[in-house]
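# Structural overview
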Number of protein chains: 2
Amino acid sequence: MSTAHHCDAAARAEQVLARRGARITQLRRDVLRALMREDRPVGAYQLFDQLKARDAASAPPAVYRALDFLVGEGMAHKLQSLNAYVGCACFEHAHDAHFLICRGCNAAEEVPTTAIRKQVDTDAAERGFAVERMVVETVGLCADCKGRA
Amino acid sequence: MSTAHHCDAAARAEQVLARRGARITQLRRDVLRALMREDRPVGAYQLFDQLKARDAASAPPAVYRALDFLVGEGMAHKLQSLNAYVGCACFEHAHDAHFLICRGCNAAEEVPTTAIRKQVDTDAAERGFAVERMVVETVGLCADCKGRA
DNA sequence: AGGCGTCCGGTTACATTGTAACCATCGGCG
DNA sequence: CGCCGATGGTTACAATGTAACCGGACGCCT
Ligand SMILES: [Zn+2]
Ligand SMILES: [Zn+2]
Ligand SMILES: [Zn+2]
Ligand SMILES: [Zn+2]
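The rules behind the values
Residues numbered from 1 in each chain as written. Chains lettered and ligands numbered in written order. Predicted model: local features only at pLDDT ≥ 70, side-chain atom pairs only at ≥ 80, totals over all residues. Heavy atoms only, no water. Pairing = 2+ DSSP bridges. Helix = DSSP H or I, 4+ residues; strand = E, 2+ residues; numbered from the N terminus. Axes fitted to C-alpha atoms, helices over the stretch in contact; angles between N-to-C directions. Contact = heavy atoms within 4.5 Å. Parallel < 35°, antiparallel > 145°, perpendicular 65-115°, else oblique. Expected span 1.5 Å × (residues − 1). Buried < 20%, exposed > 50% of the residue type's maximum accessible area, 1.4 Å probe, protein only. Donors = N, O, S within 2.8 Å, 3.2 Å for Na, K, Ca; no water. Near = heavy atom within 4 Å. Polar contact = N/O pair within 3.5 Å; in protein donor to acceptor, adjacent residues only side chain to side chain. Nonpolar A, V, L, I, M, F, W, Y, C, P; charged D, E, K, R; others polar. Arc of directions from axis to C-beta.

A word on the sheet that holds strand 3 (residues 98–102) of chain A. On the basis of which strands lie adjacent, the open sheet formed by six strands has the order 4(A)-3(A)-5(A)-5(B)-3(B)-4(B) and mixed pairing. Edge positions in the open sheet fall to strand 4 (108–111) of chain A together with strand 4 (108–111) of chain B, since each of these has one partner strand only. Neighbouring strand axes in the sheet, compared pairwise and without regard to direction, differ in orientation by 20° on average. In terms of strand pairing, strand 5 (residues 130–141) of chain A meets strand 5 (residues 130–141) of chain B through 11 bridges, oriented antiparallel. Among the inter-strand pairings, Val136(A) is bridged to a residue of strand 5 of chain B, identified as Val136(B). Across the sheet, helix 5 (residues 114–126) of chain A touches strand 3 and strand 5 of chain A together with strand 3 (98–102), strand 4 and strand 5 of chain B, and the angle it forms with strand 5 of chain A is around 130°. This element, helix 5 (residues 114–126) of chain B, spans strand 3, strand 4 and strand 5 of chain A together with strand 3 and strand 5 of chain B of the sheet and lies at about 130° to strand 5 of chain B.

A few words now on the packing of helix 2 (residues 26–37) of chain A against helix 4 (residues 60–72) of chain A. Residues and elements named next belong to chain A. For the pair helix 2 and helix 4, the least separation of the axes is 9 Å and the interaxial angle reads 75°. One element, helix 2, and the other, helix 4, form an angle in the roughly perpendicular class. Counted together, Leu 27, Arg 28, Val 31, Leu 32 and Leu 35 of helix 2 and Ala 62, Ala 66, Leu 67, Phe 69 and Leu 70 of helix 4 form the full contact between these two elements.

With that settled, the discussion passes to helix 2 of chain A. The first and last C-alpha atoms of helix 2 of chain A sit 16 Å apart over 12 residues, in line with the 16 Å expected at 1.5 Å per residue. Those residues of helix 2 of chain A lying buried are Asp30(A), Val31(A), Leu32(A), Ala34(A), Leu35(A) and Met36(A).

Looking at the zinc ion (ligand 2), one finds its protein donor set to be Cys102(A) (SG), Cys105(A) (SG), Cys142(A) (SG) and Cys145(A) (SG), positioned 2.2 to 2.3 Å from the metal centre. On the basis of relative accessible area, Cys102(A) is assigned to the buried category, the value being 1%.

Near DNA strand D there are 16 residues, and of these Tyr45(A), Tyr64(A), Lys78(A), Thr25(B) and Arg65(B) occur at the shortest range. Ser58(B) is positioned such that a nitrogen or oxygen atom in its side chain is 3.0 Å from a phosphate oxygen of DNA strand D. Every element with two or more residues in the surface near DNA strand D is listed here: helix 4 of chain A together with helix 2 (26–37) and helix 4 (60–72) of chain B. With four residues, helix 4 of chain A is the largest single contributor of residues to the surface near DNA strand D. Considered class by class, the residues forming the surface near DNA strand D number eight nonpolar, three polar and five charged.

So, about helix 4 of chain A. All names here are of chain A. If you check helix 4, its first and last C-alpha atoms are 18 Å apart, about what 13 residues at 1.5 Å a residue would give, namely 18 Å. Of all the positions in helix 4, only Ala 62, Val 63, Ala 66, Leu 67, Phe 69 and Leu 70 are classed as buried. The arc that holds every buried residue of helix 4, seen down its axis, measures 160°, which confines them to one face. In this structure, helix 4 carries Arg 65 and Asp 68 as exposed residues pointing more than 90 degrees from its buried face. Once helix 4 ends, the next one or two residues include Gly 74, with phi positive near 80°.

Purely spatial values, then, with no claim about function.
This is the structure we're talking about:
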């Protein structure tokens, strides 16, 4: 959980994007780093305020466009139940995720979805539904906050 | 899928609420019926416009409060990825659900979550996380829209 | 080099979604 | 009757997200 860890994550993400031929511009880099620096979900406007303070973003659309890019490349996820974004160090292309969201400390832990995805695919197949994207978010209390209750 | 079916759903929902001792007011009844009448997710402001036209709701907060009540009682669900609401005829108290959301026709089919919930509980338990609420939404194409492609 | 097309982001001006805060009313209950 | 909790009317915003238009950068072809 050190700062170094997160910087590394951003740096490695940029390498992966470069290898993939994606255009990694200054704005996108700034948004990526800002996301990776946090270990909590961040709202688009929070992000905007940070970047604006450093003259790195001009207006909300810039931030949303960068976020769309990062989500599309699988370097970030949007948490639908928080309207917030988190960086992702999985480095695959646009994978889906299951988030354990703590309402005590606002942490959001990403966990693999293999088993859940399989079940979702089953549910969908039974009804002839073609899955494109999956949102799985669990709200509750993490181990720490549960103890602290 | 007849209109009668939806009216019945609303009527039975009201009975269940009454038996439960919940206060079913005119506003809440109106919102419930409006929700059940649709077979698609409805935005809060769409709902508001409908009710306003009949002088049934005065302002957005009224609608949101009624929706919170209905969701709390398990008579409606919020779709986080659409910012919209759907009625529910399950009549249990505040159950969770899995929605198959078609981006072609905007239908949202609610399917049971027993298997998924089990897997989510497993994922959570492994990390000492206490689950309170679960959001599972799958976006894609329903059988009809897939064929029509 | 010059022209072209595409991608990116700046900018403005909104649209949509959701809420805080305060007060009036209503209905049960001591 | 007077209190109290629940409900909802009202105002005024806050927070989140976008459409549309433009200009600059960069690669690519001639
Ligand atoms: Zn991820
Ligand atoms: Zn926590
Ligand atoms: Zn339901
Ligand atoms: Zn469809």
